[in-house]
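# Understanding the architecture of this molecule
Here are the chains, one letter per residue:
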Amino acid sequence: MFVLNIIYIVGFYPPPETANGIRNYYFVGELRRRGHSVTVIQVTPRVGGGVRVGDHGELVMNYPTMGSGSLGRILTFLRNIYMLRPAVSSYAERVRPSLVISAHPPVDAVYLGHWLSRSLGVPFVIDVHDLIELHLSGGLFRRFSRSIYYRGLGDIYAEADLLIAVTEAQKIALEKIAGAKNIEVIHNGVDVELYDKIYGAITHRKDKSYVEAVFLGDLSWRYHMVDKIILGFGEARKTLGSGRIRLKIIGEGPLKESLMRLAKSKGLEGDVIFTGYMERESMVKELILSDLALLGRPRQKDPWNITSTRTVIYEYAAAGLPILAFGPSPSHIEYFIKSNNLGVYLDTNDPKEIGEGIASMAQNLGRFDREKIRSVAHKFDKKELSKIFADHVEKLL
């Protein structure tokens, strides 16, 4: 058996847990399980800097962000692609990595990883979580900043020794728009074993006098459409009656306070519960105890939006939850939900229509077989998907 020495450059890495971070975490775990040495360099952490040993025995080096807001992001970006080079290069000279892996987003990780791999003459892998550079909406400043951040990214895609996409639609976009080759698709997934263990042991909620809807996600991004979910919930409550349906929002982020104010302004504070960030096992229990799950996307039909997916779809499925989703049509999320009979997809961002969909699902939960929904998740076991990733990486050397 040969042993690889890998530098893995990421934006997020648990703790705390994020969608991108948990994918990185499981991939690193499988590489470590096979005996490979891994150093994780985290360039936009949610927590402070420092060096620690991770759960799998990997070395985790955190470089803290340089402030908040747009200015903080710009400073962090410049630090990551220029000022980190000497430190990362010096470390690489000592450990002599066999290859470099970058997870995108953030694009900083790709630029730094590409530079490092080429300076060392070793293979370069990019795990493309989404194509945020193809998001076309936003104001003038945002579009201008994107043109700076992502300039040259297509050339790096084309030069990479291996690209990993999370959906077939993303693979097509990378081939057509970036002219990229050597692309493999590895879907996002879920820890099926953990859900099965908790699902079998938990006592399901006995109080059926109300229906509990749930949203799980990072409250840092407006494109999760949590405001539309809250407004749609308000419309559903008008149909079902106060106290007959509740909304549980699991997640943390800078939008939380404004979302709480929105719920209060609509008189929903008694039926909308913000749990904040939850540790994984507690979060899994809360999902399993719910009755239906909600998910939203903007309706812009740009390549980023229609090719992307949400990691929480797999979490919802593992919990056996029927999903009410809304956003653009056609889209990969629409295809995935409909082809796997996971729930209902609405081509809308209108709160009234969303509310009608929520109310209809709440009134007809008997139409959905939670065990069949759970069986879909077994096709996307994170541990099995991580083995596929590690196989592809090992074949490069």
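Structural data are supplied above this passage.
## Some thoughts on empty space enclosed by the protein
For the structure on display, the rule yields two cavities of 30 Å³ or more. In this model, the largest cavity occupies a volume close to 60 Å³. Taken together, Arg 23, Tyr 26, Phe 27, His 187, Asn 188, Gly 189, Lys 382, Leu 385 and Ser 386 make up the lining of the largest cavity. In this structure, the second largest cavity occupies an estimated 30 Å³ of space.

## Describing the sheet that holds strand β14 (residues 343–346)
Pairing is parallel across the open sheet formed by six strands, whose spatial order is β11-β10-β9-β12-β13-β14. The sheet is open, and its two edges are formed by β11 (272–276) and β14, each paired on a single side. Pairwise comparison of adjacent strand axes, ignoring direction, gives a mean angle of 20 degrees for this sheet. Here strand β12 (residues 292–296) runs beside strand β13 (residues 323–326); their pairing, made up of four bridges, is parallel. In the sheet register, Leu 295 faces β13, and the bridge partner there is Ala 325. Helix α14 (residues 332–339) contacts β12, β13 and β14 of the sheet and is inclined by roughly 150 degrees relative to β14.

## Quick look at the nonpolar core
The nonpolar side chains of soluble globular proteins are, as a tendency, buried together. If you look at the biggest cluster of nonpolar residues, it comprises 93 residues, and the most contacted ones within it are Tyr 8, Ile 230, Leu 287 and Tyr 316. Ignoring anything within four residues of it in the chain, the contact list for Tyr 8 reads Asn 24, Phe 27, Val 28, Leu 31, Val 38, Thr 39, Val 40, Ile 41, Ile 101, Ala 103, Asp 127 and Phe 389. Membership of the second largest hydrophobic core comes to 39 residues, among which are Ile 9, Met 61, Tyr 150 and Ile 183.

## Considering the pairing of strand β1 (residues 5–10)
Of all six residues in β1, six are buried, a share of seventy percent or more. A two-sided burial pattern is seen for β1, the buried positions comprising Asn 5, Ile 7 and Ile 9 on one face and Ile 6, Tyr 8 and Val 10 on the other. Alignment of β1 against strand β2 (residues 37–42), held across six bridges, turns out to be parallel. Along β2, the bridge assignment pairs Val 10 with Gln 42. In terms of handedness, the path from β1 via helix α1 (residues 19–33) over to β2 forms a crossover that is right-handed.

## Brief notes about the pattern of salt bridges
Counted under the stated rule, the structure contains 21 salt bridges. Of the charged contacts, one joins Glu 394 and Arg 34 as a salt bridge, the two residues approaching to 2.9 Å between their closest N and O atoms. In this pair, Glu 394 is assigned in helix α17 (residues 382–394) and Arg 34 in the loop between α1 and β2, connecting sequence segments 360 residues apart. A relative accessible area of 14% means that Arg 34 is categorised as buried.

## Quick notes on the sheet that holds strand β7 (residues 162–165)
Pairing in this open sheet of eight strands is mixed, and the strands run β3-β4-β2-β1-β5-β6-β7-β8 from one edge to the other. Only two strands of the sheet have a single partner each, and these edge strands are β3 (50–53) and β8 (183–185). Looking at each pair of strands side by side, their axes are set apart by 20 degrees on average, direction ignored. On top of the sheet, α1 reaches β1, β2, β5 (99–104), β6 (124–128) and β7; it is set at about 175 degrees to β1, its chief contact. Those strands touched by helix α3 (residues 85–95) are β1, β2 and β4 (59–62), and its axis lies near 160 degrees from that of β1.

## Remarks on the side chain of Ser 308
Take Ser 308: it is sitting in the loop between α12 (303–307) and α13 (312–318). Within the local environment of Ser 308, its side chain forms a polar contact with the side chain of Arg 297, the two groups lying 2.7 Å apart. There is a polar contact of 3.2 Å between the side chain of Ser 308 and the backbone oxygen of Asn 305.

## Re helix α2 (residues 69–83)
Taking 1.5 Å of rise per residue, the 15 residues of α2 would be expected to cover 21 Å, and the 20 Å separating its terminal C-alpha atoms lies within 8% of that figure. Every buried residue belonging to α2 is among Gly 72, Thr 76, Phe 77, Arg 79, Asn 80 and Ile 81, and all of these are buried.

What counts as what
Position numbers for residues start from 1 in each chain and track the written sequence from start to end. Since the coordinates come from a predicted model, pLDDT governs what is reported: local features require at least 70, and pairs of side-chain atoms require 80 or more to be given and counted, while whole-chain, interface and lining totals use all residues. Water and hydrogen atoms play no part in the side-chain values, which are based on all heavy atoms of the structure. Any residue with an atom within 4 Å of a point lines the site, the site being either a cavity, points on a 1 Å grid over the protein atoms alone where a 1.4 Å probe fits but cannot get out, or a pocket, an open set with protein on both sides within 12 Å along at least 5 of 7 lines. Grid points are joined across faces, edges and corners, and a volume is the space filled by probe spheres set on the points. Strand pairing follows a simple DSSP-based rule, namely that at least 2 bridges must link the two strands. Secondary structure is summarised from DSSP: a helix means a run of H or I of at least four residues, a strand means a run of E of at least two, and numbering begins at the N terminus for each. An axis is simply a line fitted to the C-alpha atoms; with a helix, the fit covers only the stretch in contact. Between two such axes, the angle follows the N-to-C directions and lies from 0 to 180 degrees. By definition in these notes, contact holds between two residues if any of their heavy atoms fall within 4.5 Å. We call a set of buried residues a nonpolar core when its members are Ala, Val, Leu, Ile, Met, Phe, Trp, Tyr or Cys and they connect through side-chain atoms within 4.5 Å of each other. The cut-offs for exposure are 20% and 50% of the maximum accessible area for each residue type, with area from a 1.4 Å probe on protein chains only; residues under the lower value are buried, those over the upper are exposed, and the others partly exposed. The handedness rule is simple: strands pointing away from the viewer, and a clockwise path from the first strand over the helix to the second, make the crossover right-handed. A carboxyl oxygen of Asp or Glu within 4 Å of a side-chain nitrogen of Lys or Arg is what we treat as a salt bridge. Each polar contact in these results corresponds to two N or O atoms within 3.5 Å; when the atoms are within protein, one needs to be able to donate a hydrogen and the other to accept it, and residues that are neighboring in sequence are counted only if both atoms are side-chain atoms. One less than the residue count of a helix, multiplied by 1.5 Å, gives the span that helix is expected to have.

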